[in-house]
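Tertiary structure, described
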Amino acid sequence: MNPFISGLKDKVILVTGGASGIGLATARVLAASGARVVCADLQQSQDLPQGCEFRRLDVSSEKLTQELVASMLDRYGQIDGLVTSAGISRVGDLESMALQEWEQVLQVNLTGTMLSARAVASHMKQRRQGSIVAIASINGMLGNPSNLAYCTSKGAVIQMVRSLAAELGPCGVRVNSISPGYIHTPMTIMLDEQPVGQAFEAMHLLKRAGKSQEVGNAVAFLLSDMSSFITGVNLPVDGGFSAAKVIAI
Ligand SMILES: NC(=O)c1ccc[n+]([C@@H]2O[C@H](COP(=O)([O-])OP(=O)(O)OC[C@H]3O[C@@H](n4cnc5c(N)ncnc54)[C@H](O)[C@@H]3O)[C@@H](O)[C@H]2O)c1
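Report on the accompanying structure.

Cut-offs used in this document
Residues numbered from 1 in each chain as written. Predicted model: local features only at pLDDT ≥ 70, side-chain atom pairs only at ≥ 80, totals over all residues. Heavy atoms only, no water. Helix = DSSP H or I, 4+ residues; strand = E, 2+ residues; numbered from the N terminus. Contact = heavy atoms within 4.5 Å. Core = buried A, V, L, I, M, F, W, Y, C linked by side-chain atoms within 4.5 Å. Buried < 20%, exposed > 50% of the residue type's maximum accessible area, 1.4 Å probe, protein only. Near = heavy atom within 4 Å. Polar contact = N/O pair within 3.5 Å; in protein donor to acceptor, adjacent residues only side chain to side chain. Areas by Shrake-Rupley, 256 points an atom, 1.4 Å probe, with all protein chains shown as cover. Nonpolar A, V, L, I, M, F, W, Y, C, P; charged D, E, K, R; others polar. Axes fitted to C-alpha atoms, helices over the stretch in contact; angles between N-to-C directions. Parallel < 35°, antiparallel > 145°, perpendicular 65-115°, else oblique. Left-handed = near helix turned anticlockwise from the far one by under 90°. Phe/Tyr/Trp six-rings, centres within 6.5 Å; stacked < 30°, edge-to-face > 60°. Disulfide = S-S within 2.5 Å. Pairing = 2+ DSSP bridges.

**Remarks on the environment of Glu-101**
Here Glu-101 shows up in helix α3 (residues 99-127). Measuring from C-alpha to C-alpha, the distance between Glu-101 and Asn-234 comes to 26 Å, with 133 residues separating the pair along the chain. Not counting the four nearest positions on each side in its chain, Glu-101 is found in contact with Arg-90 and Val-91.

**Quick notes on the nonpolar core**
Nonpolar side chains in soluble globular proteins tend to end up buried together. One finds Leu-14, Met-72, Val-120, Ile-132 and Val-175 to be the most contacted residues of the largest nonpolar core, which totals 35 residues. Elements represented by at least two residues in this core include exactly β1 (12-16), β2 (36-41), α2 (62-76), α3, β5 (130-135), α4 (148-168) and β6 (173-180). Examining the composition of this core, we find that eight residues originate from one element, α4, more than from any other. Once you skip the residues sitting within four places of it in the chain, Val-175 turns out to touch Ile-132, Val-161, Leu-164, Ala-165, Leu-168, Thr-231, Gly-232 and Val-233. Among the nonpolar cores identified, the runner-up in size contains 25 residues, and Val-15, Val-83, Val-133 and Val-219 belong to it.

**Observations regarding the site of the ligand**
Taken together, 28 residues lie near the ligand, and Ser-20, Ile-22, Asp-41, Tyr-150 and Thr-185 sit nearest. The side chain of Asp-58 places a nitrogen or oxygen atom 2.9 Å from a nitrogen atom of the ligand. Notes on the ligand: free accessible area 820 Å², of which the protein chains cover 93%. Residue assignment for the shell around the ligand shows that the elements contributing at least two residues are α1 (21-32) and α4. Counted by class, the shell around the ligand contains 15 nonpolar, ten polar and three charged residues.

**Quick word on the packing of α3 against α4**
The interhelical angle for the contact between α3 and α4, taken along N-to-C directions, is 15°, at an axis separation of 8 Å. By the angle between their axes, α3 is roughly parallel relative to α4. Classified by chirality, the crossing of α4 by α3 is right-handed. Two secondary-structure elements touch here, α3 through Trp-102, Val-105, Leu-106, Asn-109, Leu-110, Thr-113, Met-114, Ala-117, Ala-121 and Lys-125 and α4 through Leu-148, Ala-149, Tyr-150, Thr-152, Ser-153, Lys-154, Ala-156, Val-157, Met-160, Leu-164 and Leu-168.

**Things to note about the packing of aromatic side chains**
Two descriptors summarise a pair of aromatic rings, namely the distance from one centre to the other and the angle between the planes of the rings. Under the counting rule described, the total for this entry stands at two aromatic pairs. Ring plane angle 10° and centroid distance 4.9 Å describe the contact between Tyr-182 and Phe-200, whose orientation is recorded as stacked. With Tyr-182 in the loop between β6 and α5 (195-202) and Phe-200 in helix α5, the pair connects residues that are 18 residues apart, well separated along the chain. Each member of the pair, Tyr-182 together with Phe-200, is buried. Pairing Phe-200 with Phe-241 gives two aromatic rings, centres 5.6 Å apart and planes at 85°, and the pair type is edge-to-face. Taken together, the residues span a long stretch of sequence, with Phe-200 in helix α5 and Phe-241 in the segment after β7 (234-237) at a distance of 41 residues. Among the aromatic side chains, those forming a connected cluster through ring pairs are Tyr-182, Phe-200 and Phe-241.

**A short note on the state of the cysteines**
Evaluated as defined, the whole model comprises zero disulfides. Free cysteine: Cys-39, not disulfide-bonded; nearest cysteine sulfur from Cys-52 at 4.4 Å.

**Here we look at the side chain of Thr-84**
Counting through the fold element by element, Thr-84 comes out in strand β4 (residues 81-84). If we skip the residues at most four places from it in the chain, Thr-84 touches Thr-16, Thr-113, Ser-116, Val-133, Ala-134 and Ile-135.

**Here we look at the sheet that holds β1**
Spatially, β3-β2-β1-β4-β5-β6-β7 is the arrangement adopted by the seven strands of the open sheet, whose pairing is parallel. Edge positions in the open sheet fall to β3 (52-56) and β7, since each of these has one partner strand only. Ignoring strand direction, the axes of neighbouring strands in this sheet form an average angle of 20°. As paired elements, β4 and β5 share four bridges and run parallel to each other. Bridge pairing in β5 places Leu-82 opposite Ile-132. Packing of α4 onto the sheet brings it into contact with β5, β6 and β7, and relative to β6 it is tilted by some 160°. The strands that helix α6 (residues 212-223) touches are β1, β4, β5, β6 and β7; relative to β6, the one it contacts most, it runs at about 165°.

See below:
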């Protein structure tokens, strides 16, 4: 059962990566709260909730992102919120990682986030309102020896959000990031039910992985007027993972 987040009714929100995992769960929370949601993704989702519209998008293309935002403005007349959940992960350390994979991860996770923000910014500035929520990661807050490109991209997203908050705050636009802990989604399929996944879960103070909807709830809060004086923060939604160093047992 989705909670109702007040103040989202009729808001128009673009969710990149909205066809799967955290993006899709976020779209469900937003739609259940009365928002009009556009889920933009490379792949079509089988079960988009009512109130959500699918649009195909590669977030690494500036042209396609600008075109999508223009067509949303034609159709809805406004964009109140942006959630950047499109992301990819490629396992690899400094020596084993292919340069092409490094570039691909940065292109989608970092440049894609920037391009989405850039596409909505002038409209939001003109209206002197808007909320942007970037999905970063605990892997952008802490080092991790085997996922160099991903960690780097997410750390950069957290820093970009602070800079965008500084740039857009005077124009009434809020920008925040959320750093999820381990959330069971198609992205984590190789960890789920494996000893390494169980050890990872045990490092969360709540001793479990999170649910996509728990991230979606936090995103909805940051999009809503309930967070109207919050900008420039990185909110961990990680069951306490980043709060304490615990030995996994
Ligand atoms: N699952 C976790 O444990 C976890 C933890 C921290 C952060 N995150 C972040 O949350 C976000 C969502 O991940 P998820 O776990 O829901 O994974 P997911 O794979 O279920 O969803 C990611 C979505 O992004 C889309 N996507 C990938 N490249 C794209 C592109 N170029 N253009 C448009 N869409 C594209 C995919 O098609 C997919 O639908 C990602 O940014 C991820 O890094 C996930």
